[in-house]
Structures are given as structure tokens and as C-alpha cells.
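Now for the letters of each chain:
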Amino acid sequence: MANTDIVDQWAASHDLPAWFVRAMDVPREEAFVEVDGHKVHYFRWGTRGKPPLLMTHGFLAHARCFAFIAPFLAEDYDIVAYDLAGMGESEMIPDCDGIKRAKRMVAIADALDLFAGPVKPKIIAHSFGSGVALQAMELAGDRFGGLVICDLMVLRPERLMAHFKGGGGPPGSGRSDRPNKLYPDYEAAYGRFVLSPPQAVQQPFLFDYMAYHSLRRVEDGETQGWSWKFDPMVFHRHDADQAKWLQTGQRIVDLPHRVAIVYGENSKLFDGDSAAYLRELGGDHIPMIAVPEAEHHLMLDQPLALVTALRSVLALWGE
């Protein structure tokens, strides 16, 4: 059966590469699991009983950013990629702060039996999701086998403050009191889809894929159109102080568990100077791999190079 992710609405204008089509043909499970009374949407690839991996995405994104990455690891692993609360298809939870998101990550791994086998699950997370994963490791790191951070914002203090003063907010900046806009048709909604931070992607078909699956069709009586899937309450911040972001580098270095970093060589949020900064803080033990020609949204720029980097880290760690 053809993968339901590939629909004419976004795919008809592209000559999809064979590697992407093959990845989408790899069998996967799509379902919901209830955690503390709220539904969590997830995909699962691979074979139960093999070494487990838990994946999650950046702010306002969804698990499909790994839907063309995970299949390349499915032969050797049991992989779960899930939507963070209030994003994708997952329900929002009340008063959702960083601690709740981190505890929820642990609870999801528990609910899907990722802790049941002899090998501890490893986490692979991008951007905002890496911040959630870092806090989960601080809370329950002994239960996990390691964390691969993909392009989390880490800048020297002076660069970070200049970033904020220049109008660049931390991941998750926005208005929680503003309802999602309803657009009259898909084309109008698609025209408003942007990446944060903004960048042109090297694989335009992946941009269109992510845009389509970030939207939902609204058909409620006379109200019809397209709107975003995310819940505006994801913008409600409990811990947005700049001091938290100033501490991120030291928190990564101080983590007493296996950690590796994969980043876009041309990223504006983590670059070669960020890597040097972490080493100065004491992070010489942390493998840091730059994906050539990639910016922050590295899976949309160099997806196969990202797969190679992840395979390398996982092979280095073994079980």
C-alpha cells in the first residue's frame, strides 16, 4: 500500500527521488498512546526487541521530520518518533513547561515499552526537542543510553545576547493568546509556511512535505479552510528567561551520560564556534559532527548526510 504521506496536494509538482520513495515504503506503525490522560501521536519503525531509539522534533514541527530519516535505521533498531504536546497530532497538556515536557518524554518511552529490553533507549532530538531531551536526561538519564542533540541553539554568552537584542527569540517565541488563522485554501496557507530561523532548503520537496503535514483541513459547518495543526498554547512560556539559554552549554557539558552533537555546518544557532565554546567549557569528550552544506534544518538540507552522521554516532556507542 502506498504511503499516505505522499499525496498529490504537495507531491505532484515534484519528481521525488527514489531514496525518499523507498524510505516511505518501509513499514511503520502510526498510532496514539495515552499518557496522563492526553493523546500522544507517534510513528514506529523496526522490530520490537532490537535496540530502541526515541526521536522528537523542533518547535512547531512534528514527527514527520524524521519520517524519511528513521527508515534508514529501521533494520537495526526499534524506533519511535513522536509529536510533542500541542504539535502535530498530539494533544496539548495544561500548564506545559519544560519539566512537564521532559517528564512526558520519559513517560512516553515507558508507555511504549522502550525500557523493557536489555538495551537502554537512546534519544535523537532536533532543536527545541533537544532542549526537552536534555532536561529528560537530567531527570532520568540513567534510564537512557545516550542523547544525540541535533542543532540545539548554543552560542557564547555575548553572541547569544546579540542574537536576542537583534530580535531573534529563543525557540518557542510567539503569542499564546492569538488563535490560529484560518486560510481559505491550501495555497494561501502554504504561502504562510516559514521555517524558524528562516532559511532556503536544499531539498524543496521536503519543505513542501513538511508544510503540507503542518496544516489541517477545517470543515465545521459553514467554516471551511486550512489552518495550522499546532495549538497556540505552545507559545505560553514558563521558563523563557535568557539565563536558561545562557546555561545550555554548561548543562550539556555537565551531563554525566553519553551525549553527541550533530549540527549543520552553516547553522546560525550552532556552528564551529559553538563547538569550540563547548570544548572550552570542558566538553572535549563530546563527539561533535558538522553536516556539510546544511543549515539549522539539516534534515531538509542534507537528509542522507544526517543519516550517515547518526549511524556513525550509534555505531561508536554500540549498545
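Predicted model, so just to flag it, every value in this text is computed and none were measured.

1. Comments concerning the sheet that holds strand S4 (residues 78-82)
Ordered in space as S1-S2-S4-S3-S5-S6-S9-S10, the 8 strands form an open sheet in which the pairing is mixed. Sheet topology places strand S1 (28-35) and strand S10 (288-291) at the edges, where each strand pairs with a single neighbour. For this sheet, the mean inter-axis angle between neighbouring strands, taken without regard to orientation, is 20°. Two elements, strand S9 (residues 259-264) and S10, share 4 bridges in a ladder whose sense is parallel. Each residue of the ladder has a partner; that of Gly264, found in S10, is Val291.

2. So, helix H12 (residues 303-317)
The α-helix advances 3.6 residues per turn, and as a result positions three or four apart in sequence lie on the same side. Across its 15 residues, H12 extends 21 Å between first and last C-alpha, which sits within 8% of the 21 Å expected from 1.5 Å per residue. At the C-terminal side of H12, Gly318 shows a positive phi close to 65°.

3. Details of the packing of aromatic side chains
Under the defined criterion, the tally for this structure stands at 23 aromatic pairs. On the numbers, 5.7 Å between centres and 80° between planes, the contact of Phe20 with Tyr209 is edge-to-face. Here Phe20, found in helix H2 (residues 18-25), pairs with Tyr209, found in helix H7 (residues 204-212); they are 189 residues apart in sequence, far enough to count as distant. Accessibility classification places Phe20 together with Tyr209 in one group, the buried group. Cluster of aromatic residues (ring-pair linked, three or more members): Tyr183, Tyr186, Tyr190, Phe193, Phe207, Tyr212, Trp226 and Trp228. Geometry around Phe115 places Arg143 over its ring, the cationic atom sitting 3.9 Å from the centre.

4. Observations regarding unusual backbone geometry
Trans peptide bonds make up the majority, and among non-glycine residues the majority have a negative phi. Looking along the chain, the bond that leaves Ser196 and enters Pro197 is cis, with omega of -5°. Assignment of secondary structure puts Pro197 in the loop between helix H6 (186-190) and H7. Non-glycine residue Asp36 carries a positive phi angle of around 55°. Tracing the backbone shows Asp36 in the loop between S1 and strand S2 (38-46). Despite not being glycine, Asp95 has its phi angle at roughly 50°, a positive value. Along the chain, the position of Asp95 falls in the loop between S4 and helix H3 (98-111).

5. Some points on the pairing of S4
The element S4 is extensively covered by neighbouring structure, given that 5 of its 5 residues are classed as buried. In S4, alternate side chains face the same way, and those of Asp78, Val80 and Tyr82 on one face and Ile79 and Ala81 on the other are all buried. Note that S2 and S4 share 5 bridges and pair antiparallel. Looking at S4, one finds that Arg44 is bridged to Val80. Alignment of strand S3 (residues 52-56) against S4, held across 4 bridges, turns out to be parallel. Pairing of Leu53 across the sheet is with Ile79, part of S4.

6. A word on the environment of Asp97
Mapped onto the elements, Asp97 comes out in the loop between S4 and H3. Judged by its relative accessible area of 24%, Asp97 falls in the partly exposed class. In the structure, Asp97 is positioned 137 residues away from Val234 in sequence and 9.1 Å away in space, judged by C-alpha atoms.

7. Details of the nonpolar core
One finds Trp10, Phe20, Phe68, Ile79, Ile252, Ile261 and Val262 to be the most contacted residues of the largest nonpolar core, which totals 113 residues. If we ignore the near neighbours within four places in the chain, the residues touching Phe68 are Trp19, Phe20, Ala23, Met24, Leu206, Tyr209, Met299, Leu300 and Pro303.

8. Remarks on the environment of Val26
Within the element layout of this structure, Val26 appears in the loop between H2 and S1. Considered as a pair, Val26 and Arg251 are 225 residues apart in the sequence and their alpha carbons are 37 Å apart. Setting aside its immediate chain neighbours within four residues, Val26 contacts Trp45, Pro71 and Ala74.

9. Examining the pattern of salt bridges
The final tally for this structure, using the stated rule, is 13 salt bridges. Glu138 is the partner of Arg251 in a salt bridge, and the nearest nitrogen-oxygen pair spans 2.8 Å. Of the two residues, Arg251 sits in helix H9 (residues 248-254) while Glu138 sits in helix H4 (residues 128-140), which places them 113 residues apart along the sequence. Judged by its relative accessible area of 17%, Arg251 falls in the buried class. Overlapping salt bridges, with partners in common, bring together Arg156, Arg159, Asp271, Asp273 and Glu280 in one network.

Rules used throughout
Residues numbered from 1 in each chain as written. Predicted model: local features only at pLDDT ≥ 70, side-chain atom pairs only at ≥ 80, totals over all residues. Heavy atoms only, no water. Pairing = 2+ DSSP bridges. Helix = DSSP H or I, 4+ residues; strand = E, 2+ residues; numbered from the N terminus. Axes fitted to C-alpha atoms, helices over the stretch in contact; angles between N-to-C directions. Expected span 1.5 Å × (residues − 1). Phe/Tyr/Trp six-rings, centres within 6.5 Å; stacked < 30°, edge-to-face > 60°. Buried < 20%, exposed > 50% of the residue type's maximum accessible area, 1.4 Å probe, protein only. Lys NZ or Arg CZ within 6 Å of the ring centre and 35° of its normal. Core = buried A, V, L, I, M, F, W, Y, C linked by side-chain atoms within 4.5 Å. Contact = heavy atoms within 4.5 Å. Salt bridge = Lys/Arg side-chain N within 4 Å of Asp/Glu carboxyl O.

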